[in-house]
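Chain and residue survey
The lines below spell out each chain.
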Amino acid sequence: MTEQRTRTLAPEVEIPYLGFGTYLIADGEAADAVSEAIRAGYRHIDTAEVYQNEAGVGSGIRRALASEGLTRRDLFVTTKLWPGNAAWGQTPKTTETTITSLHESLERMGLDYVDLYLIHAPFDRAQRLAQWRGLVELQKQKRARAIGVSNFSQAHIEELKAAGLPLPAANQIELHPWSQKPQLVEYLAKNGIVPIAYSSLVPLSTWRSAPGHDSAKTVEMKAESSRADSPFKALAAKYGVTEAQVLLRWGIQKGYPVLPKSTNPERVRKNADLFSFTIDAGDMAKIAEMDRGDGVAWSVGDPTKAA
Ligand SMILES: NC(=O)c1ccc[n+]([C@@H]2O[C@H](COP(=O)([O-])OP(=O)(O)OC[C@H]3O[C@@H](n4cnc5c(N)ncnc54)[C@H](OP(=O)(O)O)[C@@H]3O)[C@@H](O)[C@H]2O)c1
């Protein structure tokens, strides 16, 4: 039996397990990167207003649709609302400016709708509910087939529930063997919310190695990942794949759509080869023991509190 390549996100909305991440891909490079990824078999593209590459991403999508003979419905496209953070001197978005934001994102991308629209982070206590109401309206307007959140804790999602609002279809969070968030993942499962994994490749020494891309917290981790006795090197050798494939396959076996980003064509191709091997139950159990708690890609505060 062939393995399922998508997961149900909302009624009549399937999300492909394999997605292509575009954070840190410049607008001018995004069209080539995205069209090449689609040519390599990716059918799910993840961008965001704050990545400032929606125009390039959209042009890559349109180019690939034409060259590959695909239709818009063959692709799954996510973008994210930048909610604004008063603590950083930004004006938090209201319901109205949230609605305008997606319309502007769609215009930049040259698309009529996205498959998934997310609130990028739960920055503003006063406006979080207003922003979520904006997403609910955008789904009614059919500008977003499904709506969700990102970097939300259980407490943030409980706020939506307490206000009697529909629950998000997804929560996009940092998930990899070193940041497994078992309590949050269990809560999401109980509430029918799909976890989408970002920064799956944090345990690699090559993760965001370009100057200025790294996070200070990962310097020591990288030294550790480079060691010859790294468990991911051993697993890669055992299954005859790359360490990146092991990390991404772990996510898929946990039921998480994954979003590897690369601008290296060979890596883009290899990162998409995730259905030709299976990590056995014994190795999945060993990886379950590797959790170290919080992630490192970025921190939006204490994940247990709705700050
Ligand atoms: N919602 C959020 O707050 C949030 C936060 C972070 C990320 N995201 C989304 O998730 C996507 C993925 O996360 P990410 O960009 O943090 O990191 P990632 O996909 O986990 O890792 C990307 C890094 O790993 C390198 N890499 C990729 N494939 C590799 C391979 N096969 N072997 C060795 N190195 C490899 C890339 O370098 P090269 O490009 O040089 O190959 C890049 O430096 C983002 O692009 C974005 O779409 C969302």
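Residues numbered from 1 in each chain as written. Predicted model: local features only at pLDDT ≥ 70, side-chain atom pairs only at ≥ 80, totals over all residues. Heavy atoms only, no water.

Quick word on the confidence of the model for the protein
Chain-level pLDDT for the protein is 94 on average; 95% of the residues reach the 70-or-more range. Within the protein, helix α7 (residues 219-226) has the poorest average pLDDT of any element, 74, and strand β4 (residues 44-46) the best, 99. Counting interchain partners and residues more than four positions distant, the pLDDT-below-50 stretch residues 302-307 has 17 contacts. (pLDDT = per-residue confidence, 0-100. Helix = DSSP H or I, 4+ residues; strand = E, 2+ residues; numbered from the N terminus. Contact = heavy atoms within 4.5 Å.)

Remarks on α7
Three or more residues of α7 are buried, namely M221, K222 and S225. Axial view of α7: buried residues confined to an arc of 100°, hence all on one face. In α7, the exposed positions that point more than 90 degrees away from the buried face belong to V219, E220 and A223. Its buried side turned inward, α7 meets α8 (231-239). (Buried < 20%, exposed > 50% of the residue type's maximum accessible area, 1.4 Å probe, protein only. Arc of directions from axis to C-beta.)

A closer look at the site of the ligand
Neighbouring the ligand are 28 residues, the closest being D46, S199, R208, K261 and S262. Residue D46 places a side-chain N or O atom 2.6 Å away from an oxygen atom belonging to the ligand. The separation between an oxygen atom of the ligand and a polar side-chain atom of S262 is 2.5 Å. Relative to its free-state accessible area of 900 Å², the ligand is covered by the protein chains to the extent of 91%. (Near = heavy atom within 4 Å. Polar contact = N/O pair within 3.5 Å; in protein donor to acceptor, adjacent residues only side chain to side chain. Areas by Shrake-Rupley, 256 points an atom, 1.4 Å probe, with all protein chains shown as cover.)

Digging into the pairing of strand β9 (residues 194-198)
Along β9, five of the five residues are buried, which leaves the element largely enclosed by surrounding structure. By the alternation rule, side chains of β9 split into V194, I196 and Y198 and P195 and A197, which are all buried. Across five bridges, the pairing between strand β8 (residues 170-174) and β9 is parallel. Bridge assignment links N171 to a residue of β9, and that residue is P195. Taking the sense of rotation as the criterion, the β-α-β connection linking β8, helix α6 (residues 182-190) and β9 turns out right-handed. (Pairing = 2+ DSSP bridges. Right-handed = clockwise from strand over helix to strand, strands pointing away.)

Structural notes on the packing of aromatic side chains
Aromatic ring pairs: the centre-centre distance and the angle between the two ring planes describe each pair. Inspection of every chain in the model, using the stated rule, returns eight aromatic pairs. Considering the side-chain rings of Y239 and F277, the 6.2 Å spacing of their centres and the 40° angle between planes classify their relative orientation as tilted. With a gap of 38 residues between them, Y239 in helix α8 and F277 in the loop between α10 (265-271) and α11 (281-288) connect regions that are remote in the sequence. Ring centres of W250 and Y256 lie 6.0 Å apart, and the angle between their planes is 75°; on these two criteria the pair is classed as edge-to-face. What links up through ring pairs into an aromatic cluster is the set W82, W88 and F123. (Phe/Tyr/Trp six-rings, centres within 6.5 Å; stacked < 30°, edge-to-face > 60°.)

Some details on the packing of helix α2 (residues 54-68) against helix α3 (residues 95-109)
With their axes 7 Å apart at the nearest point, α2 and α3 run at an angle of 50° to one another. Taken as axis vectors, α2 and α3 run oblique relative to one another. Of the residues in α3, those touching α2 at E54, A55, G58 and R62 are S105, R108 and M109. Per-class residue counts for the contact of α2 with α3 are two nonpolar, two polar and three charged. (Axes fitted to C-alpha atoms, helices over the stretch in contact; angles between N-to-C directions. Parallel < 35°, antiparallel > 145°, perpendicular 65-115°, else oblique. Nonpolar A, V, L, I, M, F, W, Y, C, P; charged D, E, K, R; others polar.)

What to know about the sheet that holds β9
Spatially, β3-β4-β5-β6-β7-β8-β9 is the arrangement adopted by the seven strands of the open sheet, whose pairing is parallel. Every other strand in the sheet has two partners, leaving β3 (20-21) and β9 as the edge strands with one partner each. Where strand β6 (residues 114-119) meets strand β7 (residues 144-150), five bridges bridge the pair, whose relative direction is parallel. Each residue of the ladder has a partner; that of V114, found in β7, is A144.

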